[in-house]
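# Observations on chain architecture
Listed below are the residues making up each chain.
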Amino acid sequence: MPDSSHAHRLAGLIVRGPLAIVLVALLLGAFGWLGTSRLGIDQELRALLPDGAPSVVRLDAVTERLGNQSDLYVTIRGPSREANLELGAAVAAALEQRDDIRYVLFRRDPEFFRRHILLYTELHELLDLRRQIIDAIQARIRRELSVFPEDRDGAASDDLDLDEMTLRERYGLDREPSEYFEREEGRLVVVLARPTRPNTDISFARELSRNLKAVIDRIEPRQYHPDIEVTIDGSYAEHTAQATSLEQDIISGTAAASGLLLLVVALYFRGLRAVLLVLMPLLVAVVTSLAIGWAAYSELNLVSAFIFAVTLGLGIDFGIHMLARYRDERRRGLDQEQAIAHTIATTGVSTAGGALSTALAFLFLVLAEFRGFSQFGVIGSLGIMIAFVAALVVLPALALVLERVRPWRVPPPTTRAAPRATSVSHKFPWLALGTVLICLGGAVAGVAAAPKLGFEYNLSRLGPPDRASPEEQKRADEYRDAIGRTRSTDPTIVLTESLAQTADIDRQLQAILDLEPDEIAELTGLEPYPDTPRRPRPPPNPAPVEVAADSEEDEEVREPDDPEFVKLAELARTHSHVDPAVREALKHYPPGRLREMDDLLSSVLSIYTFVPALQAEKLKVIADIRARIDKKRGSLSDADLEKLKTWERYLQVEEPFGPDDLPAWVKVQFTDMDGELGRFVACWQRGPKSDYAHAKRIHDAFDTITTASGSLPAVGSHFVVPEVVDSIRGDGPLVMTAVFGVLIVSALVVFRTALLLATVSVALCWLAGVFVAMDWTLNLFNLIALPLLVGMGQDDSLHIIHRYREEGPGRLAHTMRETGGAVILTTVTTVIGFSSMLFVDHIGLRSLGWTAVLGMMFCLLASLTLVPACLRLGEWWRNRGA
């Protein structure tokens, strides 16, 4: 801290070159503004974690391998399906020509799946179909060979009676994907596009949205039908709207805060000159610190997004204190250099202490791995110290420059200066004692209520509220139903190194979906969760066809089943539900974890979702059915032959197929950035993924998937949630301990008073009581205000104590009149800075605003009541014997 000689040297430097100082500050501010204008906001939770966090590393690996995993949807609504499809085809063709679109899905040609439809049936279902063919043929032969007329005429019930519709219904062959993403009989059609860059790249998302709207306008949708409507939906539109809303909140909040600051400063100093003197150095400091933030980070995160308004509210304190003291010294008749030197030597010392303690409170946030803390701390501490230097140097230089243009007529004081007291009253200060007891009583109540203080673990309650109208929600549900709801939610991704690993993981996860409660109990030795949704279990597998002869005549027309097909029937019984080999593989998971996986898993998707198992065995059955029909076609009735024609083409499949044989529209969805096919598996889990407890369950259950070649890591964007909360829980105590350590050292060692510690502690206890009374909770946003309040809260009391020591005993009332006004003003300006958050849509940022505003008001209240009361009691104690 500078002594008097240092203050006079600095004042001399300022007086000799004020214009140069101001020009350098303006030049620095111009460069700062350029950097600030390029500063973006990353709204993703992953931006709150360090680059080395496990979920961030895995997400980066997924992005590097698979590229962007978010889709954009062009939704077409109109009364005519034909017109909707025609327009959809035109939009899809236009999107396919764009470099910023990786692929487009519109018409999904189902011909491949129709041609191979019997390979998608279960093996036991094919054997059941074969048995029906055998029974129908043999029944027809028996009727033709019977010597009894009634047998030949009356056995229609033995006909095959199997047309295509019946075949599809009986064996569940409606599994082929629909040709289009459509709903309501084609009155709603969706074109799906996969952009090249993620939806979190807001500038890209905005530019893409503008370009797509221009493309759609050029197509002229109304030429297809006058009532047709086209919208761009999905996460790109949602993220752009959220980013725009947040940016508008920041701009409007900061503008409102700046306007209020201007008004308050002008009213306090009774002139517009003071507004320029206080705000110009401050704005230079703020934009300079933000420019440094841009150079270091390029983007702010959700927590640090309002650092501009916060630094503005905190940094203005220094300018107000310095200008108020400079004004007072000029009123006393000092010239410019003397007034500047005296201001630096007195108020500059206490301001330096407040700036240093606040900057250290910010700086200790850097200890946290949680980037919401550390980024806020780096930019905030820089902003505070730069604002202090600007108030110490640039403000008096600017005052000198303005005085050369137009002399400053300092307004006279509103009250007559109090004479110096010669003695201290010996009466016991009952009012001071009562004030102290009331303050401490409120603090005790807050401490008693603190154990009831909760933490908000559901992060969905901290974001922007869902303001969608019922009609908007209905429209969103419509397009999500058209594309499939799983596609509109974030999956868990497992990256594989080969198709063999993909097949292994796909079989395991599909088997978990097929497990029944008794099987889970058998595998884990634990009782399964009773409310876990289950896949519908297929009907019991048929027994092998063993046709026994009842008479010597029947032996000529009935034959026992081929042993090969008896073996196939046995294979079907063991494979139709859960493959025994896969069941053994599942035993490698810890029992509790396997039960969690069973309860959480809802669906699985990989390239092998489209490649049926046991194809060679199924082809044998299909070939046998085809041969029997060809051999005994003449034995079938005309009605059976007519029905057979509707599905006999499905029997023409003769070769198995693999991933490379699938249609192009399937393969493009599973091709990575290196052109490799199928090297990942996606799965979806039930439940609210933004809730910490549930996201932690998913994280722990699906963290790795075990294969024959080793364990493979899994990741989803929801894996970030438990890591963010765990990071806060780990960093919070560390940061608060460090900040309170600084407070204790500065209070007891540097400033030699416990009042600073008492003021902040009492204010925080009051704040805890209000939180409990209002049923508020701590969260990852408002937690950051607590260490800041420790640094900011001592500033008010520090100025009062420092001025009291300067004035001496008996001058407490005078101290409160002169310094108390500045303390109130600086607190009001800080509150104004944080109050810009009170009107944003983002609930978490709003809670940060309320916590800071209430905390600062309580710190001010403690400084104006507890501090003077304790100082008065101290005066009485020191003079009690006189």
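What comes next concerns the included structure. (Residues numbered from 1 in each chain as written. Predicted model: local features only at pLDDT ≥ 70, side-chain atom pairs only at ≥ 80, totals over all residues. Heavy atoms only, no water.)

Quick look at the overall build of the protein now. Summing up its helical and strand segments, the protein has 31 helices and 14 strands in all. Radius of gyration (C-alpha) of the protein: 38 Å, far over the 29 Å computed for a compact globule of 882 residues. For the protein, the spread of C-alpha atoms along the principal axes amounts to about 140 × 65 × 45 Å. Looking at the 882 residues of the protein, the share that counts as buried comes to 54%. Long-range pairs, those at least 24 residues apart, make up 84% of the contacts in the protein between residues at least 6 apart in sequence. Element-wise, carbon and sulfur atoms account for 57% of the exposed surface of the protein, whose accessible area totals about 38,900 Å². Here the protein holds 91 positive side-chain charges and 115 negative ones, and the gap between their average locations is 13 Å. (Helix = DSSP H or I, 4+ residues; strand = E, 2+ residues; numbered from the N terminus. Rg over C-alpha atoms; globule rule 2.2 N^0.38 Å. Buried < 20%, exposed > 50% of the residue type's maximum accessible area, 1.4 Å probe, protein only. Contact = heavy atoms within 4.5 Å. Areas by Shrake-Rupley, 256 points an atom, 1.4 Å probe, with all protein chains shown as cover. Lys, Arg positive; Asp, Glu negative; His and termini not counted. Charge placed at Lys NZ, Arg CZ, Asp CG, Glu CD.)

All right, on to the pattern of salt bridges then. With the rule as written, the count across this model stands at 38 salt bridges. Here Glu-207 ties to Arg-210 by a salt bridge, and the two come within 2.7 Å at their closest N and O atoms. One end of the pair is Glu-207 and the other is Arg-210, both in helix α9 (residues 202-219) and 3 residues apart, which spans about a single turn. By relative accessible area, Glu-207 is classed as partly exposed at 37%. Asp-672 is paired through a salt bridge with Arg-679; the nearest N and O atoms lie 2.8 Å apart. Grouping residues by exposure puts Asp-672 and Arg-679 together as buried. (Salt bridge = Lys/Arg side-chain N within 4 Å of Asp/Glu carboxyl O.)

Once that is clear, we can look at the sheet that holds strand β11 (residues 680-685). Pairing within the open sheet is antiparallel, and its 5 strands lie in the order β10-β11-β9-β13-β12. Here the strands that pair on one side only, and so sit at the sheet edges, are β10 (601-605) and β12 (704-707). Adjacent strand axes in the sheet meet at a mean angle of 25 degrees when their direction is disregarded. Here β12 runs beside strand β13 (residues 710-715); their pairing, made up of 4 bridges, is antiparallel. Bridge pairing in β13 links Ile-705 to Leu-712. Strand contacts of helix α18 (residues 499-514): β9 (492-495), β10, β11, β12 and β13, with the helix running at about 150 degrees to β10, the strand carrying the most contacts. (Pairing = 2+ DSSP bridges. Axes fitted to C-alpha atoms, helices over the stretch in contact; angles between N-to-C directions.)

The next subject is the environment of Asp-217. Here Asp-217 is to be found in helix α9. Classification of Asp-217 by relative accessible area gives exposed; the value is 56%. C-alpha of Asp-217 to C-alpha of Val-230: the two residues are 13 residues apart in sequence and 9.7 Å apart in space.

For the rest of this paragraph, the subject is the side chain of His-718. As for its placement among the helices and strands, His-718 is situated in the loop between β13 and α27 (720-750). In contact with His-718, not counting residues within four places along its chain, are Asp-490, Pro-491, Thr-492, Gln-685, Lys-689, Ala-695 and Ile-698.

Taken together, Ile-744, Val-745, Leu-748 and Val-749 make up a surface patch of nonpolar side chains, about 340 Å² in accessible area. Tracing the backbone shows Ile-744 in helix α27. (Patch = residues over 30% accessible without salt bridge, like charges linked within 9 Å, V, L, I, M, F, W, Y side chains within 5 Å.)

Unusually for a residue other than glycine, Glu-184 sits at a positive phi of about 55 degrees. Turning to its location among the elements, Glu-184 is positioned in the loop between β4 (181-183) and β5 (188-195). Here Glu-184 falls in the partly exposed class, since its relative accessible area comes to 34%. Residue Ser-298 is not a glycine yet carries a positive backbone phi of 70 degrees. Mapped onto the secondary structure, Ser-298 falls in the loop between α11 (273-297) and β7 (299-300). The class of Ser-298 is partly exposed, set by a relative accessible area of 38%.

Before going further, it helps to spend a moment on the side chain of Thr-707. Tracing the backbone shows Thr-707 in strand β12. Judged by relative accessible area, which is 8%, Thr-707 ranks as buried. Within the local environment of Thr-707, its side chain forms a polar contact with the backbone oxygen of Gly-710, the two atoms lying 2.6 Å apart. Beyond its immediate chain neighbours, meaning those up to four positions away, Thr-707 contacts Gln-501, Asp-504, Ile-505, Gln-508 and Leu-712. (Polar contact = N/O pair within 3.5 Å; in protein donor to acceptor, adjacent residues only side chain to side chain.)

This part is about the state of the cysteines. Enumeration according to the criterion identifies 0 disulfides in this entry. Here Cys-765 is not disulfide-linked; the sulfur of Cys-859 is the nearest cysteine sulfur, at 11 Å. The exposure class assigned to Cys-859 is buried, which follows from its relative accessible area of 1%. (Disulfide = S-S within 2.5 Å.)

Successive residues of a regular strand alternate their side chains across the two faces of the sheet. Most of strand β3 (residues 101-105) is tucked away: 4 of the 5 residues are buried. Bridge count between β3 and β5: 4 bridges; the pairing is antiparallel. Paired with Leu-105 across the bridge in β5 is Leu-192.

Everything listed is a geometric property; what it means functionally is a separate question.
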